Amino acid sequence: MKVLWNGSIMDRSESKVDIEDRGYQFGDGVYEVIRIYNGEMFAQKEHIDRLFNSANEIGIELAFEKKDLEQQFNELIQENQVSEGGIYFQISRGVAPRKHQYKKDIQPQTVGYTFSLKKPEEEQTNGVAAITAQDMRWLRCDIKSLNLLYNVMTKQKASEQGAFEAVLIRDGYVTEGTSSNIFAVKDGEVYTHPVNHLILNGITRRELLNIFENEHIPFEEKAITEEELGSVDELFMASTTAEVIPIITLDGKDVGSGKPGNVTRKVQEAFQKRIVPANIVKQ
Ligand SMILES: *Cc1c(COP(=O)(O)O)cnc(C)c1O
């Protein structure tokens, strides 16, 4: 398998990460995951923009341009012959003797690779279980940081309880999932947390807001309370790898009817239509 390492495409065995890489020691860096459908990236511009924003927010200056990165991603996809999958790309602040503070001239280190991935069809069709958990992350959740310790701990807790995701709650309000955005449906209207420092503004989330508008599905960017969560009609999660997955039980109790709801189905269908045209054009 070929990888992208500091701007060059090479065999994975040729790339090496330094033991004093700050990404490795401090989680000092940012990342992106981009979906590949039929050999083509989906919403790559949005992902690359967000990557540059995340890097900028933590004070990493990049010596390459967005269009060059996109070009390299395309080369990597070609090299690895990925049809259905994704790209993982991360930027760490750089390599230096381990001290919390850093010098400004440190060179950012970048790593990118592709992976194969099938649509989580079973989950999308039948829905999944979720648990609720307190959102104890830091207050800059808008940055797609490598530091995912609390997300990891909480997803693991969900997994050990047979659940697919954890719905995070901060100060009594639903924020998002550990690696997805959360949407609730009540009386035909969709609610999701507004964009601020408490959530990661998902690219899938943005696609869905656009779908709600096009499909005339009423929606509001408004956080619902933990109490309201107990009486919603439908609940679903959205992310690059999950796409749109219904959440049918929460902490062991049925959400609404305990089956994927009509609004969720409509959103899933519209989302599939968005990713299909690329496939048709290619064939
Ligand atoms: C990446 C991520 C998401 C989903 O974003 P997409 O761009 O849709 O993949 C949601 N929440 C968190 C915490 C994330 O890290």
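Residues numbered from 1 in each chain as written. Predicted model: local features only at pLDDT ≥ 70, side-chain atom pairs only at ≥ 80, totals over all residues. Heavy atoms only, no water.

A.B. asks: Sorry, what's going on with helix H5 (residues 149–160) here?
C.D. replies: For the α-helix, the turn length of 3.6 residues means that residues three or four positions removed from each other point alike. Here H5 contains 12 residues, and its C-alpha end-to-end distance of 16 Å stays within 8% of the 16 Å for a straight helix at 1.5 Å per residue. Of all the positions in H5, only Tyr150, Asn151, Thr154 and Ala158 are classed as buried. Seen along its axis, H5 keeps its buried residues to an arc of 100 degrees; they face one direction. Projecting away from the buried face of H5 at angles above 90 degrees are the exposed residues Leu149, Val152 and Glu160. Its buried side turned inward, H5 meets strand S7 (128–134) and strand S8 (165–170). Positioned one or two residues after H5, glycine 162 has a phi angle of 75 degrees, which is positive. (Helix = DSSP H or I, 4+ residues; strand = E, 2+ residues; numbered from the N terminus. Expected span 1.5 Å × (residues − 1). Buried < 20%, exposed > 50% of the residue type's maximum accessible area, 1.4 Å probe, protein only. Arc of directions from axis to C-beta. Contact = heavy atoms within 4.5 Å.)

A.B. asks: I'm lost on the packing of helix H2 (residues 44–57) against helix H3 (residues 66–80) in this one. Help?
C.D. replies: How two helices pack is summed up by the angle between their axes together with the distance between the axes. Relative orientation of the contacting elements H2 and H3 amounts to 125 degrees, with a least axis distance of 10 Å. Between H2 and H3, the angle is such that the two are oblique. Read as a crossing pair, H2 and H3 show a hand that is right-handed. From H2, Gln44, Lys45, Ile48, Asp49, Leu51 and Phe52 reach across to H3, where they touch Lys66, Leu69, Glu70 and Phe73. (Axes fitted to C-alpha atoms, helices over the stretch in contact; angles between N-to-C directions. Parallel < 35°, antiparallel > 145°, perpendicular 65-115°, else oblique. Left-handed = near helix turned anticlockwise from the far one by under 90°.)

A.B. asks: Sorry, what's going on with a negative patch on the surface here?
C.D. replies: Among the surface-exposed residues, Glu226, Glu227, Glu228 and Asp251 lie close enough to one another that they form a single negatively charged patch. Relative to the elements of secondary structure, glutamate 226 occurs in helix H7 (residues 226–229). (Patch = residues over 30% accessible without salt bridge, like charges linked within 9 Å, V, L, I, M, F, W, Y side chains within 5 Å. Areas by Shrake-Rupley, 256 points an atom, 1.4 Å probe, with all protein chains shown as cover. Salt bridge = Lys/Arg side-chain N within 4 Å of Asp/Glu carboxyl O. Lys, Arg positive; Asp, Glu negative; His and termini not counted. Charge placed at Lys NZ, Arg CZ, Asp CG, Glu CD.)

A.B. asks: So what exactly am I meant to see when it comes to the packing of aromatic side chains here?
C.D. replies: For any two aromatic rings, the description comes down to two numbers: the centre-to-centre distance and the angle of the planes. Inspection of the entire model under this criterion finds 9 aromatic pairs. Considering the side-chain rings of phenylalanine 183 and phenylalanine 212, the 6.0 Å spacing of their centres and the 80 degrees angle between planes classify their relative orientation as edge-to-face. Of this pair, phenylalanine 183 sits in strand S10 (residues 181–186) while phenylalanine 212 sits in helix H6 (residues 203–214); the two residues are 29 residues apart in sequence, bridging distant segments of the chain. The class of phenylalanine 183 is buried, set by a relative accessible area of 0%. On the basis of relative accessible area, phenylalanine 212 is assigned to the buried category, the value being 1%. With a centroid separation of 5.1 Å and 5 degrees between ring planes, the pair formed by phenylalanine 183 and phenylalanine 236 is classed as stacked. With phenylalanine 183 in strand S10 and phenylalanine 236 in strand S13 (residues 234–239), the pair connects residues that are 53 residues apart, well separated along the chain. Given the relative accessible area of 0%, phenylalanine 236 is considered buried. (Phe/Tyr/Trp six-rings, centres within 6.5 Å; stacked < 30°, edge-to-face > 60°.)

A.B. asks: Is there a simple way to explain the domain arrangement of the protein chain in this structure?
C.D. replies: Size of an interface: often given as the accessible area lost when the parts come together. For the protein chain, the assigned domains read domain 1 (2–116) and domain 2 (121–277). A straight line from the C-alpha centre of domain 1 to that of domain 2 covers 26 Å. Contact with domain 2 buries surface across domain 1, with Tyr31, Phe42 and Arg50 losing the most and accounting together for 35% of the total. Counting across the interface, domain 1 meets domain 2 through 1 salt bridge. For glutamate 57, the salt bridge is made with arginine 140, and the minimal N-O distance between the two is 2.8 Å. (Domains from an automatic or database assignment. Buried area = accessible area lost by both parts, 1.4 Å probe.)

A.B. asks: Looking at this model, I keep getting lost on the pattern of salt bridges. Mind explaining?
C.D. replies: As a working rule, side chains carrying opposite charge can pair if their charged atoms are close by. Enumeration according to the criterion identifies 17 salt bridges in this entry. Aspartate 28 is paired through a salt bridge with arginine 22; the nearest N and O atoms lie 2.8 Å apart. Several salt bridges converge on common partners, so that one network encompasses Asp135, Arg137, Arg170 and Glu176.

A.B. asks: Looking at this structure, how should I read the site of the ligand?
C.D. replies: Taken together, 17 residues lie near the ligand, and Lys144, Glu176, Ile203, Thr204 and Thr240 sit nearest. Between the ligand and threonine 204, the relevant distance is 2.7 Å, taken from an oxygen atom to a side-chain nitrogen or oxygen of the residue. Measuring from an oxygen atom of the ligand, one finds a side-chain N or O atom of threonine 240 at 2.6 Å. Counting atoms within 2 Å of the grid points, the majority share of the ligand lands in the largest pocket. Secondary structure elements with two or more residues in the shell around the ligand: H2 and H6. Across the shell around the ligand, the residue classes break down as 3 nonpolar, 10 polar and 4 charged. Two domains each provide a minimum of three residues to the shell around the ligand, namely domain 1 (2–116) and domain 2 (121–277). (Near = heavy atom within 4 Å. Polar contact = N/O pair within 3.5 Å; in protein donor to acceptor, adjacent residues only side chain to side chain. 1 Å grid on protein atoms, 1.4 Å probe; cavity = no way out; pocket = protein on both sides within 12 Å on 5 of 7 lines; lining within 4 Å. Sits in = over half its atoms within 2 Å of the grid points. Nonpolar A, V, L, I, M, F, W, Y, C, P; charged D, E, K, R; others polar.)

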